[in-house]
Amino acid sequence: MSERVIEGIGATPRTGVGSVVWYRPAETGAEESEEPVPESDRESEQERFEAARERAREELESERERTAERVGEEEAAVFDAHRQFLDDPQIEEEVTESIGEGAPAASAVREAFADPITQFEGMDGRMAERADDLRDVRDRLVRLLVGGERVDLAELPEGSILLAERLTPSDTAQLDPERVAGFATSTGGRTSHAAIFARSLAIPAVLGVGTDLESIDEGERIVVDGDEGIVVADPTDERVASARRDTADEVIDGRVATVDGRGIEVAANVGRAADLEGALTQGADGIGLYRTEFLFLDREEPPAEAEQYERYVEALEAFPDGRVVVRTLDIGGDKRIPYLDLPDEENPFLGERGIRRSLSSDEELFETQLRALLRAGAAEGDLAVMFPLVSTVEELDAALDRVEEVADSLEAEGLEYATPELGVMIETPGAVFMAEELASRVDFLSIGTNDLAQYVMAAARENERVADLHDPLHPPVLRAIRRSVEAAHENDAWIGMCGEMAGDPDLTELLVGLGLDELSMSAVTIPAVKANVEGIETESAGDLASRALTTATRTDVTNLLTDQ
Amino acid sequence: MSETHERTVEIVPEAGLHARPAAKFVETANEHDATVRIGEAGADDDNLIDAGSMIAVTSLGVKQGERLRIVAEGEDSEEALDALERVLSTPEGES
């Protein structure tokens, strides 16, 4: 029998093979009564509704906590919306009215939700997602009212592939990546909650498969290929073997080196809580970019020194043998924070952002952050701190002065501290041209390729009309990288790269050839990059880089890479 | 002694009054001892809807940059308006 390939949208560059478990939450498995409720029992029917709602609130609360912990505060916030839908006065009124007329509570609930669901389904874009939220709330209430079974998604057998029409945030939050080999849904796209979750935890996932998914039966062995965006039923043995291979050599724990022994550190970029977990499960050697913005976003006031200290120590504890590179607050440009008075600028990307703000408008925030960082420097682990968007030596000197001042005051207060390794991000042409001077003052440099490409090519990251220009494979960007690497090494500093480019497995050889010591990326590509490093010969990587550095066009670079 | 206050506020969150900002908005409206109703800027009183209903608030489909008329009636009406204005002028975190 030949295999059947069903196309969808890939959410993660991952392939999984396993046995199908169908999840149909709307079918509770319990009989629902449609008999009218006698008048004498209507009061207790109303009480049953209230009790179910109370229980639903409790469920939402615990699922919210779980999601915040595993995926992040941002994803968890959707439960706040569910909570408000659950308590909506309009729903309450309609349910109460129907029950008063003799409807059983469960059908009263179905009826009350019907109109709003239809209404939201008709709206465009993100508003249509509210229909999903309402269905989720409705099904939860109905299940609690009819005492239906709930498939415990947290307890799926190991090696399961979950199939469902859709997975709600509450569903995905329960999935255990150790047990679930993948999932596929008939609805959803790359930006749905399920996709975000899948990427955070590196679970193979294909979404938006359509109704063809229904043709796959419970217990069947299937392959979910999140890279190609396909679900394969009745897979051939070759397909299964290659999917298994993809799964088997996925995580490489421990340091990797090239064939001839040049060690390359492969680290993770992290921001949200789930990123830290993903970094650990994907075998990151450490953290190459800890984005502290996430500590500052979505709140009424900035995090206190103690809170920041705890977060930094938490990251250090997660990687007892690896380095944790924390980037000081990088705000301004496109990132907004409510309690900071960010000016409206005509060219925010060329405005007061990154270190510029830390040395002016956000001086106090910067000082608090440095205090927390220097104190964390005394904790177990290997902490490093880097400054974003430096474009002059003066800025770096000023930042280093602040570090010294903070150290002095911690000393005077008798608090335990240690100055961590210090570094500069290379993101502006200014920093590239002054890389020697910068490197001589610090322990390391870290190239932020997204911003570097943006500024070298003068092409905004968000502007699709110039998307072609915003590509690190343009020779001027490669030359800027090479120049920074040489400057670092001549000054006994190490040099890393964080940004999309570092995580592209197709570019690993080129980057090793350019001389980078560390590559930092989203957790999901770490295994592929580590595997690539182990197959590279330093000399031929160096040749490849040399040839790339003599090209005149991006096409030349691309041709060079595909000739390999 | 029921006081009525109102103001018109511009929506700052990038996604408009969608899931999270809407939930926060409804929660805030319900927290205060005031009856709060909302509508598009310039909407007359008959076209205002209950700010304490998530369904009503999200179905307005208000987008970033649009303006909302908020009318609060009750003892805490001023406080309610202040708090709601804060919610509407707080941008969402990046995703």
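This text goes with the structure placed above it.
These remarks concern the structure in this document. (Residues numbered from 1 in each chain as written. Chains lettered and ligands numbered in written order. Predicted model: local features only at pLDDT ≥ 70, side-chain atom pairs only at ≥ 80, totals over all residues. Heavy atoms only, no water.)

### Here we look at the pattern of salt bridges
All names here are of chain A. Cut-off, in case you're wondering: By definition here, a salt bridge exists when the distance from a side-chain nitrogen of Lys or Arg to a carboxyl oxygen of Asp or Glu is within 4 Å. A run of H or I in DSSP becomes a helix once it reaches four residues, and a run of E becomes a strand once it reaches two; helices and strands are each numbered from the N terminus. For every residue, the accessible area obtained with a 1.4 Å probe (protein chains only) is divided by the maximum for its type, and the residue is called buried under 20%, exposed over 50%, and partly exposed between those limits.
Following the criterion strictly, the structure yields 47 salt bridges over all chains and no others. Close ionic contact of Glu45 with Arg48 constitutes a salt bridge, the shortest N to O distance being 3.2 Å. Pair noted here: Glu45 and Arg48 are both in helix H1 (residues 42-70), with a separation of three residues, about one helical turn. Arg57 is the salt-bridge partner of Glu54, the closest N and O atoms lying 2.6 Å from each other. On the criterion of helical spacing, the pair formed by Glu54 and Arg57 is a turn pair, its members being three residues apart in helix H1. With a relative accessible area of 36%, Glu54 lands in the partly exposed category. Within this structure, Glu121, Asp132, Arg135, Glu165 and Arg166 form a network of salt bridges that share partners.

### Let's talk about the interface of chain A and chain B
It is common to report an interface's size as the accessible area lost on association of the parts. Cut-off, in case you're wondering: In this analysis, two residues are considered to be in contact whenever any of their non-hydrogen atoms come within 4.5 Å of each other. Buried area is calculated as the accessible area (1.4 Å probe) missing from two parts once they are joined, with the contributions of both summed. Side-chain atoms alone can form a polar contact between residues adjacent in sequence; in general such a contact is a pair of N or O atoms within 3.5 Å, and within protein one must be able to donate a hydrogen while the other accepts it. Each residue receives one of three labels: charged for Asp, Glu, Lys and Arg, nonpolar for Ala, Val, Leu, Ile, Met, Phe, Trp, Tyr, Cys and Pro, and polar for the others, Gly being one of them.
On the chain B side, the residues contacting the 25 residues of chain A number 24 residues. Interface area, chain A with chain B, both sides summed: about 2100 Å², of which 63% is carbon and sulfur. Linking chain A to chain B there are three residue pairs in polar contact (both at pLDDT 80 or more). Mapped onto the side of chain A that touches chain B, the elements with two or more residues apiece are helix H3 (78-86), helix H4 (89-100), helix H5 (105-121) and helix H6 (126-146) of chain A. Sort the elements by how many residues they give to the side of chain A that touches chain B and H6(A) lands first, with five residues. Counted by class, the side of chain A that touches chain B contains 13 nonpolar, three polar and nine charged residues.

### Overview of unusual backbone geometry
Leaving glycine out, the prevailing phi sign among residues is negative, and the prevailing peptide bond configuration is trans. Residue and element names in this part refer to chain A. Phi at Asp234 is positive, roughly 45°, even though this residue is not glycine. By the secondary structure assignment, Asp234 is in the loop between strand S8 (230-233) and helix H9 (237-248). The exposure class of Asp234 is partly exposed, given its relative accessible area of 21%. Look at Ala458: it is not a glycine, yet its phi comes out positive at around 50°. Its location among the elements puts Ala458 in the loop between helix H18 (449-456) and helix H19 (475-490).

### Here we look at the pairing of strand S13 (residues 382-387) of chain A
Side chains on a regular strand alternate between the two faces of the sheet. Residue and element names in this part refer to chain A. Convention followed: For two strands to be treated as a pair, DSSP must find at least two bridges joining them.
Counting buried positions along S13 gives five out of six residues, so the element sits mostly inside the fold. Direction of pairing for strand S12 (residues 323-327) relative to S13: parallel, over a ladder of five bridges. Bridge assignment links Val324 to a residue of S13, and that residue is Leu383. Two elements, S13 and strand S14 (residues 421-426), share four bridges in a ladder whose sense is parallel. Within S14, the residue paired with Ala384 across the bridge is Glu421.

### Quick word on empty space enclosed by the protein
Residues and elements named next belong to chain A. In plain terms, the rule: Residues are said to line a cavity or pocket when one of their atoms sits within 4 Å of a point; the points come from a 1 Å grid over protein atoms alone, cavities being sets where a 1.4 Å probe fits but cannot get out and pockets being open sets with protein on both sides within 12 Å along at least five of seven lines. Grid points are joined across faces, edges and corners, and a volume is the space filled by probe spheres set on the points.
Using the criterion set out here, one finds one cavity of 30 Å³ or more in the structure. Each pocket or cavity is described by its volume, and for the largest cavity that value is around 50 Å³. As for the largest cavity, its lining consists of Thr67, Val71, Glu75, Pro169, Thr172, Ala173, His193 and Phe197. Of all the secondary-structure elements, those providing two or more residues to the lining of the largest cavity are helix H7 (169-174) and helix H8 (193-200). Looking at the lining of the largest cavity, the element that brings in the most residues is H7, giving three residues. Classifying every residue of the lining of the largest cavity gives four nonpolar, three polar and one charged.

### Topic: H4(A)
To be explicit about the condition: One less than the residue count of a helix, multiplied by 1.5 Å, gives the span that helix is expected to have. As used here, the arc belongs to the directions running from the helix axis to the C-beta atoms.
Helix length check: H4(A), at 12 residues, gives a terminal C-alpha distance of 16 Å against a target of 16 Å (1.5 Å per residue), a fit within 8%. All of the buried residues in H4(A) are A:Ile91, A:Val95, A:Ser98 and A:Ile99. Taken end-on, H4(A) shows its buried residues confined to a sector of 100°, consistent with a single buried face. Residues of H4(A) that are buried sit in contact with H1, H3 and H5 of chain A together with helix H2 (54-59) of chain B.

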